[in-house]
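Next come the chains, spelled out residue by residue.
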Amino acid sequence: FLNQRGRICVRDNGHVSKLRAQLPPLSVGMWLTLHIDLDHLCLQFAVFGADGSLTGIADVSLAGLLNNFPGGEMPNSGFFCAVVTKDISVGLA
């Protein structure tokens with residue numbers, strides 16, 4: 001997930017890890033896109049300003065993050081979730 005301060009994080013139950021990738025802090029009027037490539041285990045976060053201009057982009061590989069499962073097996077299910085508050089809207093493309 002991307003927190004309000006622009007840090008990309010991973011939550012595993014109650015444990016949150018901050019990744020090195022970082023984007024500009026979020027503010028009212030900005031918007032975020034998340035491109036998920038499950039075949040290559042890559043995520044791309046892009047943040048746009050209120051005027052629609054690209055203000056930051058970050059690529060994250062999930063390959064190294066998913067190597068710590070018991071027995072070395074990759075998970076065969078999962079989910080992506082967004083929790084938003086206040087006047088933020090979410091859409092799927």
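Residues numbered from 1 in each chain as written. Predicted model: local features only at pLDDT ≥ 70, side-chain atom pairs only at ≥ 80, totals over all residues. Heavy atoms only, no water.

1. Points about the environment of Leu34
Item 1. Position of Leu34 relative to the elements: it lies in strand β3 (residues 31-37).
Item 2. Look at Leu34 and you get partly exposed, because its relative accessible area is 40%.
Item 3. Sequence separation between Leu34 and Asp59 is 25 residues, and the spatial gap between their C-alpha atoms is 9.8 Å.
Item 4. Not counting the four nearest positions on each side in its chain, Leu34 is found in contact with Leu43, Gln44 and Phe45. (Helix = DSSP H or I, 4+ residues; strand = E, 2+ residues; numbered from the N terminus. Buried < 20%, exposed > 50% of the residue type's maximum accessible area, 1.4 Å probe, protein only. Contact = heavy atoms within 4.5 Å.)

2. Concerning the pairing of strand β1 (residues 7-12)
Two faces, one strand: in a regular strand the side chains alternate between the faces of the sheet.
Item 1. The pairing of β1 with strand β2 (residues 15-22) spans five bridges and is antiparallel. Bridge pairing in β2 places Arg11 opposite Val16.
Item 2. The hairpin formed by β1 and β2 contains two residues between the paired strands, and Asn13 there has a positive phi angle of roughly 55°. (Pairing = 2+ DSSP bridges.)

3. So, the confidence of the model for the protein chain
Item 1. Mean pLDDT for the protein chain: 78, with 70% of residues reaching 70 or above.
Item 2. Confidence, expressed as mean pLDDT per element, reaches its minimum in the protein chain at β1 with 82 and its maximum at strand β5 (residues 54-61) with 94. (pLDDT = per-residue confidence, 0-100.)

4. So, the nonpolar core
Item 1. Counting residues in hydrophobic clusters, the biggest one holds 10 residues: Leu2, Ile8, Leu19, Leu23, Leu43, Phe45, Val47, Ala58, Val60 and Leu62.
Item 2. The set of elements that each furnish at least two residues to this core consists of β4 (42-48) and β5.
Item 3. At three residues, the largest contribution of residues to this core is made by β4.
Item 4. The contact partners of Leu19, leaving out residues within four places of it in the chain, are Arg7, Ile8, Cys9, Val10, Val60 and Leu65. (Core = buried A, V, L, I, M, F, W, Y, C linked by side-chain atoms within 4.5 Å.)

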